[in-house]
Amino acid sequence: MKSVSDNRLQLSLVRLEPEAARSMINRYRASRGLKPLKMERKLTRAAENHSNDLARVDKISHTGTDGSNPWNRVKRTGYKPILAAENVGAGQMSFSEVLQGWKDSPGHNKNLLLADATHMGIALKTNPNSRYQTFWTLVLGTPAKKVR
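Residues numbered from 1 in each chain as written. Predicted model: local features only at pLDDT ≥ 70, side-chain atom pairs only at ≥ 80, totals over all residues. Heavy atoms only, no water.

Q: Would you take a moment to explain the overall build of the protein chain for this structure?
A: Per the secondary structure count, the protein chain includes six helices and four strands. Beginning at the N terminus, the succession of helices and strands in the protein chain can be written as α-α-β-α-α-β-α-α-β-β. Taking the principal axes of the C-alpha coordinates as reference, the protein chain spans close to 60 × 35 × 25 Å. Relative to its full complement of 148 residues, the protein chain shows a buried share of 43%. Excluding contacts between residues fewer than 6 apart, the proportion of contacts in the protein chain whose partners are at least 24 apart in sequence is 70%. Just so you have it, the protein chain exposes about 8300 Å², and 52% of that area is on carbon and sulfur atoms. Taking the 25 positively charged and 12 negatively charged side chains of the protein chain as two groups, their mean positions are separated by 8 Å. (Helix = DSSP H or I, 4+ residues; strand = E, 2+ residues; numbered from the N terminus. Buried < 20%, exposed > 50% of the residue type's maximum accessible area, 1.4 Å probe, protein only. Contact = heavy atoms within 4.5 Å. Areas by Shrake-Rupley, 256 points an atom, 1.4 Å probe, with all protein chains shown as cover. Lys, Arg positive; Asp, Glu negative; His and termini not counted. Charge placed at Lys NZ, Arg CZ, Asp CG, Glu CD.)

This is the structure:
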């Protein structure tokens, strides 16, 4: 039986390396003939904000505690999307594990393979005092073209 200190030690080892995550997602997309995603700081901010919100309330949802949805959260960052999508995960102890869960979930997999997506942002927030302990958010987007 694991003690609370064992769980906290294990949680302290959970890391997110955004470029490694992007590379894994892009390899998966490339295997399906899709273009790679570029990291976008505004989408990363949207992902961070949502992961923080989820960790604070120990909940897994696409609805923020303020009633927001992924589209609202992306727009709040100043990103002007024509496409915005979000994957969330909770309880996984590595990015590989959460990515596999997303691949196995039809709705999340559809987001990973959005042909029109061009950008991504990703975040992880941990909360050792919560049921799930890890809160992952991936935000995908495509900006609207500027009108000249």
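Further notes follow.
Q: Looking at this model, I keep getting lost on the pairing of strand β3 (residues 119–126). Mind explaining?
A: A regular strand carries its side chains on alternate faces of the sheet. Examined bridge by bridge, strand β1 (residues 38–39) and β3 share two bridges and lie parallel to one another. Its bridge partner lying in β3, K38 is registered against H119. Where β3 and strand β4 (residues 134–143) come together, eight bridges link them in antiparallel fashion. From the neighbouring strand, H119 faces β4, where its bridge partner is G141. (Pairing = 2+ DSSP bridges.)

Q: Explain the pairing of strand β2 (residues 81–90) here, please?
A: The buried fraction of β2 amounts to eight of the 10 residues, a majority that puts the element mostly inside the structure. Sheet analysis places β2 next to β4, joined by nine bridges and oriented antiparallel. Bridge pairing links V88 to T137 in β4.

Q: Explain the side chain of S51 here, please?
A: Here S51 lies in helix α3 (residues 41–57). Side-chain polar atoms of S51 contact the side chain of T137, separated by 2.8 Å. Each residue touching S51, except ones within four places of it in the same chain, is listed here: A123, L124, K125, F135, W136 and T137. (Polar contact = N/O pair within 3.5 Å; in protein donor to acceptor, adjacent residues only side chain to side chain.)

Q: Would you take a moment to explain helix α2 (residues 18–30) for this structure?
A: Here α2 spans 18 Å end to end across 13 residues, near enough to the 18 Å set by a 1.5 Å rise per residue. Every buried residue belonging to α2 is among A21, I25, N26, Y28 and R29, and all of these are buried. Buried positions in α2, seen along its axis, are confined to an arc of 155° and lie on one side of it. Structurally, α2 contributes buried residues whose contacts are with α5 (95–104), α6 (106–112), β3 and β4. (Expected span 1.5 Å × (residues − 1). Arc of directions from axis to C-beta.)

Q: What's the story with α3 in this structure? I'm lost.
A: Because an α-helix packs 3.6 residues into every turn, residues spaced three or four apart end up facing the same way. Taking 1.5 Å per residue, 17 residues should reach 24 Å; α3 reaches 24 Å between its end C-alpha atoms and fits that length. Turning to α3, its buried residues number three or more, namely L43, T44, A46, A47, H50, S51, D53, L54 and A55. The secondary structure elements touched by the buried residues of α3 are β1, α4 (70–76), β2, β3 and β4. Where α3 begins, the side chain of E40 points an oxygen toward the backbone nitrogen of K42, at a separation of 2.6 Å. The first or second residue beyond α3 is D58, which carries a positive phi of 55°.

Purely geometric numbers; function is a separate question.
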